[in-house]
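# Fold and contact review
The residues making up each chain are set out below.
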Amino acid sequence: MKSQALTNRRWFSPISYSLAIAAVAFALLGGSTDIAGAQQTMASSDKIWASFKGDVFGERQIISDTGLVRIEAPKRAQDAALVPVDIYIDPAKAPDGVKAVTLIIDVNPAPLAATFTLGKDAGVTHISTRVRVNDYSWLRAIAETGSGQLHMTQTFVKASGGCSAPAVKNTDEAMASMGKMKLRQFPEPAMSQVQELQLMIRHPNNSGFQRDPITQYFIPAHFVQKLSISQDDKLILAMEGGISISEDPNFRFDFKANGPGEIKVEATDTDGKVFQDQWPLEAAGL
Amino acid sequence: MPTDLFRRRLIKGFACIGAGAAVLPCCLSHASYAAGTGAKFALKEVADGVYAFGGVNELMTDANQGAICNVGLVVGDEAAAAVDSGGSMVEARAFLAAIKEVTDKPVRYLVNTHMHPDHIFGNAAFRDIGATIVGHRNLPRALAARGDFYLQSYHRQIGDALMQGIEIVPPTQTVDDRLELDLGGRKLELRAWKAAHTDNDLTAYDPATRTFFAGDLVFMGHLPTLDGSLLGWMRQLDELAAIDAAVTVPGHGPVPSAWPQALEDERRYFEVLAGDLRKAIADGVPLDKAVQTAGLGERGNWALFDDYNGRNATAAYAELEWE
């Protein structure tokens, strides 16, 4: 069973993402031994990572702990369904910029939580979001520089036990208000070009691990697959994500505003629904 | 008629005392519990034909047999209804044995007040005796989403032995809004609530004795845990208080407790927690920072505060920032 699950992880290239979810879901279903399994450790989490990192990054070299990228999360998760995670980029260490940051949660059924694409010259140095964490696990951030180098950093999160399952708390509400967005703009010191924004999207971001109680078939996963945040038509931040992002996906980030303008957001979910909204950028230091 | 202290000594780690529940005067039934441990499962008659067992204010462990919540029984002329099945098959079997000591009527119904393991891990024992399991319309969905996770995470928490026989058994009858269970000369009134403690909270009211089985919509002593909607819970407190009950069997806390005073402590906690979080959100304090201090003023008032407050604050923050 174990080897079967790991084999199925080979599906985890970003391209075949939703296929992968289905494949691993079925692999896990077959494995009652996994249900009774022992808690993951740093070593076993590392082992899982080693088994699928080639599927995400191929044979490319990954450099560890250079300080270019930093990740923060609570050592012990309060709520496995809502684990805050912060990723910081040090621009001084990335003279050719950072193109993308990938967030990995080793032990999750879908370990590739999200890939963020950073707008060229958008000046994003901090991304904060919330994720589901199924068990004790490394959370990894891997930054890809403008020249194609991969820099990795990681933090270990203990998330398990109790009745805080990584599932949607209020499904009716999540469905009723699906697609609603809210943008918060945090004032920055005057004369600063840096803006801090928080984008919130109502969406159940369902796991697809729910079984229909009558048919016993899995209810298909339903989650925000793609997201782009732009100032006018200039990309600030894009995300390709999956079920490891918590319900009501939430992203707080900074960027360098390019004068006044509109913040435009477009999100697409696995049902093909497209959600759009836009807000004028509040001029703080503009 | 054992005193509290006596029973606590007698039953080792399985005392049925809630926080502040000093007096448990009439334990009518002592069924054999886990063989060899000397533990007893004691049903207390809280009103005519209405019984309850008081769980301990602890996390579920092997030592407490998972028996941390209150469970209850209402006996009619023809049949009985149990309210919640307990946190293990060991507890559920002891509960069934205790039921046999107080009535020879069949247990026709098991009412599940919501999805949490301490309330439903004994379901299989009731299914096996032919009881109809009744739950909120959202309970099947909630168990489908969480069942496997519960089995996995509690396996670690309570161990192999206590996990034996535990299955996730969904209800076979669901309640959309209200439902009356006919027990023969006695009706038990079930009511499905909007999202509060969870999104599948169901209560049971016995009009004959004005006893209200609140499930985990009411916590006393044990810090409330939030797995549904804080705002929904707060909004429904007045509606709960309006229920014409004399006493309540809360999901956690002294059995029985005066109604509606039983709601006062949790109402205060919710207001403190929501107040702290609203301020943090308005000030732009991010979630991970805000949850470290929100609600702390209530710390001295509750058991298990450190186990659950951070989690409650996390869930509540994510809800309140949409206001």
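Residues numbered from 1 in each chain as written. Chains lettered and ligands numbered in written order. Predicted model: local features only at pLDDT ≥ 70, side-chain atom pairs only at ≥ 80, totals over all residues. Heavy atoms only, no water.

### What about the overall build of chain B?
So the rule is basically this: Secondary structure elements are taken from DSSP: a helix is a run of H or I of four residues or more, a strand is a run of E of two residues or more, and numbering for both begins at the N terminus. Any residue under 20% of the maximum accessible area for its type is buried, any over 50% is exposed, and the rest in between are partly exposed; the area is computed with a 1.4 Å probe on protein chains only. Accessible areas in this description were obtained via Shrake-Rupley with a 1.4 Å probe; residue shielding takes into account the shown protein chains only.
When helices and strands are tallied, chain B shows nine helices and 14 strands. In chain B, buried positions account for 64% of the 323 residues. Accessible area for chain B stands at about 11300 Å²; split by element, carbon and sulfur atoms hold 50% of it.

### Notes on the packing of aromatic side chains
Applicable threshold: Ring pairs are drawn from Phe, Tyr and Trp, using the six-membered ring of Trp, whenever the two centres fall within 6.5 Å, and their geometry is named by plane angle: stacked under 30 degrees, edge-to-face over 60, tilted for the rest. Placement of a charge over a ring requires the Lys NZ or Arg CZ to be within 6 Å of the ring centre, with the centre-to-atom vector within 35 degrees of the ring normal.
Taken as a whole, this structure holds 15 aromatic pairs over all chains when the rule is applied. An angle of 85° between the planes, with centres 6.3 Å apart, marks the rings of A:Tyr136 and A:Phe156 as edge-to-face. With a gap of 20 residues between them, A:Tyr136 in the loop between strand E6 (126-131) and strand E7 (137-145) and A:Phe156 in strand E8 (residues 150-157) connect regions that are remote in the sequence. Take A:Tyr136: its relative accessible area is 14%, and that puts it in the buried class. A:Phe156 sits in the buried class, given a relative accessible area of 12%. Among the aromatic side chains, those forming a connected cluster through ring pairs are B:Phe219, B:Trp233, B:Tyr269, B:Phe270 and B:Trp302. We note A:Arg70 situated over the ring of A:Tyr88; from NZ or CZ to the ring centre the distance is 4.3 Å. Sitting over the ring of A:Phe186, A:Arg252 keeps its end group 3.8 Å from the ring centre.

### Here's the deal with the confidence of the model for chain A
Inclusion rule: The pLDDT value expresses, per residue, how confident the predictor is, ranging between 0 and 100. In what follows, a contact means two residues having at least one pair of non-hydrogen atoms within 4.5 Å.
When the pLDDT values of chain A are averaged, the result is 83; 78% of them are 70 or greater. Considering only residues more than four positions removed or in separate chains, one finds that residues 1-36 of chain A, a stretch of pLDDT under 50, has 62 contacts.

### As for the sheet that holds strand E13 (residues 247-252) of chain B
Residues and elements named next belong to chain B. The condition that has to hold: Two strands are counted as paired when DSSP detects at least two bridges linking them. Helix axes are fitted only over the stretch in contact, all axes being lines through C-alpha atoms; the angle between N-to-C directions runs from 0 to 180 degrees.
Here six strands make up an open sheet; going across it, the order is E9-E10-E11-E12-E13-E14 and the pairing mixed. Unpaired on one side and paired on the other, strand E9 (178-182) and strand E14 (257-258) mark the two borders of the sheet. Pairing between strand E12 (residues 211-219) and E13: five bridges, direction parallel. From the neighbouring strand, Phe213 faces E13, where its bridge partner is Val249. Sheet strands touched by helix H6 (residues 230-241): strand E10 (187-192) and E12. Its angle to E12, the strand with the most contacts, is close to 165°.

### Brief notes about the pattern of salt bridges
As a reminder of what qualifies: When a carboxyl oxygen of Asp or Glu is within 4 Å of a side-chain nitrogen of Lys or Arg, the pair counts as a salt bridge.
As enumerated under the stated definition, the model contains 29 salt bridges over all chains in all. Between A:Arg130 and B:Glu321 there is a salt bridge, with its nearest N and O atoms 2.4 Å apart. Of the two residues, A:Arg130 sits in strand E6 while B:Glu321 sits in the segment after helix H9 (305-320), which places them in two different chains.

### With respect to the environment of B:Gly284
Tracing the sequence through the fold places B:Gly284 in the loop between helix H7 (264-282) and helix H8 (287-290). In this view, B:Gly284 contacts A:Arg184, A:Phe186 and A:Arg252; residues no more than four positions away in its chain are not counted.

### Focus on the sheet that holds strand E13 (residues 250-256) of chain A
Residues and elements named next belong to chain A. Strand order in the open sheet formed by six strands is E2-E3-E6-E13-E10-E9, and the pairing between neighbours is antiparallel. Both outer strands of the open sheet, strand E2 (69-72) and strand E9 (181-186), are each paired with one neighbouring strand and no more. When strand polarity is set aside, the average angle formed by the axes of neighbouring strands in this sheet is 15°.

### Considerations on the interface of chain A and chain B
Note the threshold: By convention, the term buried area covers the 1.4 Å-probe accessible surface removed from two parts as they join, with the contributions of both added. Pairs of N or O atoms within 3.5 Å make up the polar contacts considered here, provided that, within protein, one atom can donate a hydrogen while the other can accept it, and that residues adjacent in sequence are counted only when both atoms are side-chain atoms. Note on residue categories: nonpolar means Ala, Val, Leu, Ile, Met, Phe, Trp, Tyr, Cys or Pro, charged means Asp, Glu, Lys or Arg, and polar means any other residue, Gly included.
Contact with chain A, which involves 44 residues of that partner, is made by 41 residues of chain B. When chain A packs against chain B, the two sides together hide about 3600 Å² of surface, and 53% of this comes from carbon and sulfur. Where chain A meets chain B, there are three salt bridges. Across the chain A-chain B interface, the total number found is 13 residue pairs in polar contact (both at pLDDT 80 or more). Put simply, the parts of the chain that give the side of chain A that touches chain B at least two residues each are helix H3 (32-35), strand E3 (83-89), helix H5 (171-176), E9, strand E10 (194-201) and E13 of chain A. Tallying contributions element by element places E9(A) first for the side of chain A that touches chain B, with four residues. Here the side of chain A that touches chain B is built from residues that sort into 16 nonpolar, 14 polar and 14 charged.

### Some thoughts on the packing of H7(B) against H9(B)
All names here are of chain B. Here is the rule: What sets the label is the angle itself: under 35 degrees gives roughly parallel, over 145 gives roughly antiparallel, 65 to 115 gives roughly perpendicular, and the rest give oblique. By definition, any crossing whose near helix is turned counterclockwise from its far helix by less than a right angle is left-handed, and any crossing with a clockwise turn is right-handed.
Running from N to C, H7 and H9 point in directions that differ by 55°, and their axes come no closer than 10 Å. Taken together, the axes of H7 and H9 are oblique relative to one another. You can see that H7 and H9 cross each other, and the crossing is right-handed. Contacts between H7 and H9 involve Tyr269, Leu273, Ala274, Leu277, Arg278 and Ile281 on the former and, on the latter, Phe305, Asn309, Asn312, Ala313, Ala316, Tyr317 and Leu320. In the contact of H7 with H9, the residues fall into ten nonpolar, two polar and one charged.

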